[in-house]
Amino acid sequence: MSQPIPNAVPCLRGNEWLYLKECLDSNWVSSVGPFVERFERALASWVGVRHGVATVNGTAALHVALLVAGVESGDEVIVPTLTFAATANAVRYCGAVPVFVDSEPRTWTVDPQKVTDFLARECDVRGDRVVNRATGRRVRAILPVHLYGHPVDLDPFLELAARLPLALVEDSAEALGALYKGRRVGAHGLAGCLSFNGNKVITSGGGGMILTNDEAFARRAHHLTQQAREPGPEWIHREVGFNYRLTNIQAAIGVAQVEQLEGFLASKRETARAYHAALAALGGAEPLREAPWASSSFWMSSTLLEPADYGDIRVLIARGNAAGIQLRPLWHPLHRQPAFAAHQAYRIEVADHLYARGISLPCSVGITAEERERVIAFLAGARDHR
Ligand SMILES: Cc1ncc(COP(=O)(O)O)c(C=O)c1O
């Protein structure tokens, strides 16, 4: 039987070994060391922001970014329903509550019109607070997610954040390298958060980063991720902080990965292009394509499949996995999750439709043309048997 084709696994073919050896030889293996700052500087400058604050993972980056953005216990934060649980978990870690909003059909990302409607129809501005009339809670932030590598249409959110007392934090965990109107995502709002989990565009084993142009924001985020220890020789803490530091070992892998980032993005784009062409020939498929103002990082190569042509998507995924082709369903909408069912969901129609039809195809940076052809042959076979 041929080798299984994983969905998305790391590509570690650069200086990873060399830099790891440097950590071991120098004894800098833990949460301080030269690679941490190197990683922060390299990535911040690549994205085009002034500051990067490395964290132990992307969820921690979101948690701290929301806290520094002013999210407090009892507040509400607007998030998409179609995203990984980490987005909403970070809101809950602040003691705040997510309000789930629908996807828009073109980009699958959170619908700016529905967010605007929610704020206009369901909320009041009372002094310097936006208050959700139904719950009486303050709405403090919007946390859109650049989903599967495709950027959110950010202008309407930037306009809302400029007009209302709302912070805009970008969950860029899935979209390192994507461009919104020519500028990299993670650089538009007050802060952007990245993930370097093993299946992301680049990996550091595990890790995350907060990106921001605001120096005070970066300083405070750094402080909170370091147990909020005051500078000086003693261990003085004026508030409760978090041990969210990235290790030098992880950062060493991260630095080696940043060096290869352009090539990784080219590979992701090539895979998406190949699938788009093949799916157009097969028919019954609607891949997630770039909006005219967007350049996707194509973290995932995702597509909707027509059930009349391909049958039940869950059956297809199970058959793919049994055949060694690792297909992924889309994120299970959060408003349907037991953990979040109690929270408000605003006019959700599109996300459920996407969830019922969407899959992500194997798209590791190292995938070969022959492997992509096996994926397409599998889909063609599924279509023929209908
Ligand atoms: C949209 C989104 N947000 C946040 C995260 C959290 O990142 P991490 O796994 O590094 O904590 C992920 C991925 O894992 C993600 O896909």
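Since we're looking at a predicted model, the values are computed, not measured. (Residues numbered from 1 in each chain as written. Predicted model: local features only at pLDDT ≥ 70, side-chain atom pairs only at ≥ 80, totals over all residues. Heavy atoms only, no water.)

Trainee: Quick question: what am I supposed to make of the sheet that holds strand 12 (residues 285-287) here?
Mentor: In any sheet, the strands associate via hydrogen bonds between backbone groups, in a parallel or an antiparallel arrangement. Here we have four strands laid out as an open sheet, ordered 12-14-17-15, and antiparallel in their pairing. In this open sheet, the two edge strands, each paired with only one partner strand, are strand 12 and strand 15 (328-329). Relative to strand 17 (residues 358-361), strand 15 runs antiparallel, the two sharing two bridges. Its bridge partner being in strand 17, Pro-329 is matched across the sheet by Ile-359. Contacts between helix 11 (residues 313-322) and the sheet are confined to strand 14 (301-305), strand 15 and strand 17, with strand 17 contributing the most and set at about 20 degrees to the helix. Sheet strands touched by helix 12 (residues 350-357): strand 14 and strand 17. Its angle to strand 17, the strand with the most contacts, is close to 50 degrees. (Pairing = 2+ DSSP bridges. Helix = DSSP H or I, 4+ residues; strand = E, 2+ residues; numbered from the N terminus. Contact = heavy atoms within 4.5 Å. Axes fitted to C-alpha atoms, helices over the stretch in contact; angles between N-to-C directions.)

Trainee: When you look at the domain arrangement of the chain in this model, what are you seeing that I'm missing?
Mentor: A common way to express how large an interface is: the accessible area buried when the components associate. In terms of domains, the chain is made up of domain 1 (16-259) and domain 2 (261-384). One C-alpha centre belongs to domain 1, the other to domain 2, and the line joining them spans 25 Å. Across the boundary between the two partners, domain 1 contributes 53 residues, which contact 41 residues of domain 2. Summing both partners gives a buried area of about 4100 Å² for domain 1 against domain 2, and 65% of it is carried by carbon and sulfur. Together, Phe-100, Trp-108 and Tyr-148 form the three largest contributors to the area buried by domain 1 at its contact with domain 2, with a combined 21%. Where domain 1 touches domain 2, the interface holds two salt bridges. Summed over the shared surface of domain 1 and domain 2, the result is 24 residue pairs in polar contact (both at pLDDT 80 or more). (Domains from an automatic or database assignment. Buried area = accessible area lost by both parts, 1.4 Å probe. Salt bridge = Lys/Arg side-chain N within 4 Å of Asp/Glu carboxyl O. Polar contact = N/O pair within 3.5 Å; in protein donor to acceptor, adjacent residues only side chain to side chain.)

Trainee: Which parts of the structure should I look at to understand the pattern of salt bridges?
Mentor: Close approach of charged atoms allows side chains of opposite charge to pair. Tallied over the full model, the rule gives 21 salt bridges. Several salt bridges converge on common partners, so that one network encompasses Glu-72, Asp-75 and Arg-138.

Trainee: Just to check I follow, could you spell out the pairing of strand 1 (residues 51-55) for this structure?
Mentor: Walk down a regular strand and you will see the side chains alternate between the two sheet faces. Where burial is concerned, most of strand 1 is hidden: five out of the five residues are buried. Residues His-51, Val-53 and Thr-55 line one face of strand 1 and the alternating positions Gly-52 and Ala-54 line the opposite face, and both faces are buried. By the bridge criterion, five bridges tie strand 1 to strand 11 (residues 208-212) in an arrangement that is antiparallel. Looking at the pairing, His-51 lines up with Thr-212 of strand 11. (Buried < 20%, exposed > 50% of the residue type's maximum accessible area, 1.4 Å probe, protein only.)

Trainee: How should the sheet that holds strand 8 (residues 179-180) be read in this particular structure?
Mentor: On the basis of which strands lie adjacent, the open sheet formed by three strands has the order 9-8-13 and antiparallel pairing. Only two strands of the sheet have a single neighbouring strand rather than two, namely strand 9 (183-184) and strand 13 (294-295). Of the strand pairs in this sheet, strand 8 and strand 9 are connected by two bridges, and their pairing is antiparallel. Directly across from Leu-179, in strand 9, lies its bridge partner Arg-184.

Trainee: In this structure, what is going on with the side chain of His-188? I would like to understand it.
Mentor: For His-188, the location among the structural elements is in the loop between strand 9 and strand 10 (191-195). Among the polar contacts listed, one links the side chain of His-188 to the backbone oxygen of Arg-183, at a separation of 3.1 Å. A distance of 3.3 Å separates a polar side-chain atom of His-188 from the backbone oxygen of Arg-184.

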